[in-house]
Amino acid sequence: MSGVPDTASDTSKGQPAPTRAMQQRKNKVWAVAFFKDGRRVVTGSHDKTLRILNVQTGEMVGGPFIGHTDQVRSVAVSPNNRRIASGGGDATVIIWDVKSKQIIFNPLVKHTEKVNSVCFSPDGKEVASGSHDSTIVVWNADNGAVLATLDSQYHRQTVHVWSVSFSPDGLKLASGSSDHFIRVWRAVNAECLLKINAGQWSIRSVVWSPDGHQLVSGSFDNTAKFWNSSNGEEIGQPCIGHTRWITCLAISSDNSFIATASDDSTVRLWCTKTHKQIGHVLEHTKKVHSVAISPDAELLVSGADDGNLQLWTVGDILEQRKMEETPPEDEEEQEQHFLSCNSETQTSHDTDNEHTGSHGDHTEPSVDQSRTSDSSDTHDASDSDDQDSLFDIFAIKTAVRNSGDLRIIEDLLTHGIEFDEDDNRRDTYANRSVVRAQNSEWEAALQDAVKSIAIQPSLLGYISKGIALCGKKQLWDAMEAFDLAFVFSNRDPIIIDLLLLIKAAALFNTGRHDEAVRRVQDLATASQHSDQIPCNVVISYLL
């Protein structure tokens, strides 16, 4: 953009610096959007207001817009630059006239909980909003009438809708939710056309590619992923680099790169072809909640927890794109690269423990073991399926069972506890108890287990409580917790065997070795499905 001083790169140090920092009265910047002329941005802040800023000077040229009674969580600008839509923590949507800086009509009331995301349709005639109440509402932008209500609720369980986005042709809506699904809807009749299971963690942000052929999502697993918008298949490998969850993402108008904002206080750019990071990270001093790319793809703006808006000139960074666009690796090499990146943060932990659990010499199986097509490995694949089904029965989340970086996993679970409903929090507390037990944080693990049981007693709740009590050397209290877990076994012989083995392991770890060995031997003799016992023993030691 002409007139904007270019100070965006410090090539001597290799670390980009922002073109300009714009202070927002030390209030969190929850949302930011460019006007279509690229000369202004609008922000939504924790102080319940919107402001329009000139990107050349950093000065406020519109506002503050006052109307919400709680934080402004999302903003969008109409295609003709004449209107702004905002969604707030007060569960309302407001449509503003830019010129008069006034509310066009009364705040739109339909949602019952905070509004996390708003967007205009490409023709500007409709506004869509996604809320914590499980719904997406499509509004008439001219009169505020409700045109459609799309319900993401699943089996009466509340699903937080974090993000909504109109397709380029305006016929479809994409949404990202706390139940880790991306949904594609027909906007006119609320029909769900496609449901994409995007992993184990909440989808915080979702956008369409400019041609409408792909969807891009950012989630609480710290990654951005690309999806075929017609069939829901994942495209290529995830964008891996953030150390905490992605809060927002944006895609350039020429479809050449995406920008991701993260709770790790950084913004990163990624090539849409290779899904590799472009250049160095763009750093804030606090968590970054919002990011937007100018229509000409020359500028990027990001807003953070401390109220700072950073304006970046991305041209110099994108020069490195050609270096990133190397021929892609074959699928096997890409998979190995992904697995390597996914376990990189665990390297020091694995080196210390030599893949040995605190209870014995256990070596984790390779992920590829469950994927082999060799007929001689059919039984191994079946065992892997049995392990997965057991994990599902115990409500153990994938990230916990894969034993990645425990600090990151604990952060993700903590974030889940903050936003989940009670039904989900029960399992999340129990999972966090397991993670904290792995860190030998026995008191914290016990507290989480107790909280899980207080919400609703469950199999994993009592198991996690027993594990924590073992760690605190309260053996008989632990035995009582394990005994209570039997109530939730549904008389499943595999679960019963597992619980008996866990109790034996608890005895072993408190020095009662002979009794523990005797119990295992007796169980092996009595069991009618002994071929599954070694698998169950391994799982019990992992817990």
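Our structure is the block above this text.
Here the residue index of a chain counts from 1 through its sequence in written order. Note on the predicted model: pLDDT of at least 70 is required for a residue's local features to be given, and 80 or more for side-chain atom pairs to be given and counted; whole-chain, interface and lining totals, by contrast, use all residues. For the side-chain quantities, the full set of heavy atoms in the structure was used; hydrogens and water were omitted.

J.: Where do I start with the overall build of the protein in this structure?
T.: Broken down by element type, the protein carries 14 helices and 31 strands. The contact rule is simple, with two residues in contact once any of their heavy atoms fall within 4.5 Å. Looking at the protein alone, contacts between residues at least 24 apart form 49% of all its contacts between residues at least 6 apart. With residues, only the protein chains shown are counted as cover, and all accessible areas are computed by Shrake-Rupley using a 1.4 Å probe. Surface summary for the protein: the accessible area is close to 24300 Å², and the carbon and sulfur share equals 46%. The helix count covers DSSP runs of H or I at least four residues long, the strand count covers runs of E at least two residues long, and both are numbered beginning at the N terminus.

J.: Could you clarify how one ought to interpret the packing of helix α11 (residues 475-485) against helix α12 (residues 493-509) in this entry?
T.: Think of each axis as a best-fit line through the C-alpha atoms, taken over the contacting stretch in the case of a helix, with angles from 0 to 180 degrees between the N-to-C directions. Packing of α11 against α12 brings their axes to within 10 Å, and their N-to-C directions diverge by 175 degrees. By the angle between their directions, the pair α11 and α12 is classed as roughly antiparallel. Packed against α11, whose contacting residues are Leu-475, Met-479, Phe-482, Asp-483 and Ala-485, the element α12 presents Leu-499, Ile-502, Lys-503, Ala-506 and Leu-507 at the interface. Here the residues of the contact of α11 with α12 sort into eight nonpolar, no polar and two charged. Here the angle decides the label: under 35 degrees means roughly parallel, over 145 means roughly antiparallel, 65 to 115 means roughly perpendicular, and every other value means oblique. Each residue gets one of three labels, nonpolar for Ala, Val, Leu, Ile, Met, Phe, Trp, Tyr, Cys and Pro, charged for Asp, Glu, Lys and Arg, and polar for the others, Gly among them.

J.: How do you make sense of the side chain of Ser-252 when you look at a structure like this?
T.: Relative to the elements of secondary structure, Ser-252 occurs in the loop between β25 (246-251) and β26 (257-262). Ser-252 has contacts with Pro-210, Phe-257, Ile-293 and Ala-297, leaving out every residue within four places of it along the chain.

J.: Explain the sheet that holds strand β17 (residues 161-166) here, please?
T.: Backbone hydrogen bonds hold the strands of a sheet together, and the pairing may be parallel or antiparallel. For two strands to pair, DSSP has to find at least two bridges joining them. Ordered by their spatial adjacency, four strands build an open sheet running β17-β18-β19-β20, and the pairing between neighbours is antiparallel. Because the sheet does not close on itself, it has two edges, and the strands there are β17 and β20 (191-197). Each strand axis lies, on average, 20 degrees off the axis of its neighbour in the sheet, ignoring direction. Where strand β19 (residues 181-186) meets β20, six bridges bridge the pair, whose relative direction is antiparallel. From the neighbouring strand, Trp-185 faces β20, where its bridge partner is Cys-192.

J.: Teacher, can you tell me more about the sheet that holds strand β13 (residues 115-120) here?
T.: In spatial order, the strands read β13-β14-β15-β16; together these four strands make up an open sheet with antiparallel pairing. With partners counted over all chains shown, the strands left at the sheet margins are β13 and β16 (146-151), one partner each. Between one strand and the next, the sheet's axes are offset by a mean angle of 15 degrees, whatever the strand orientation. Across five bridges, strand β14 (residues 126-131) lies against strand β15 (residues 135-140) in antiparallel orientation. Of the residues in β15, the one forming a bridge with Glu-126 is Asn-140.

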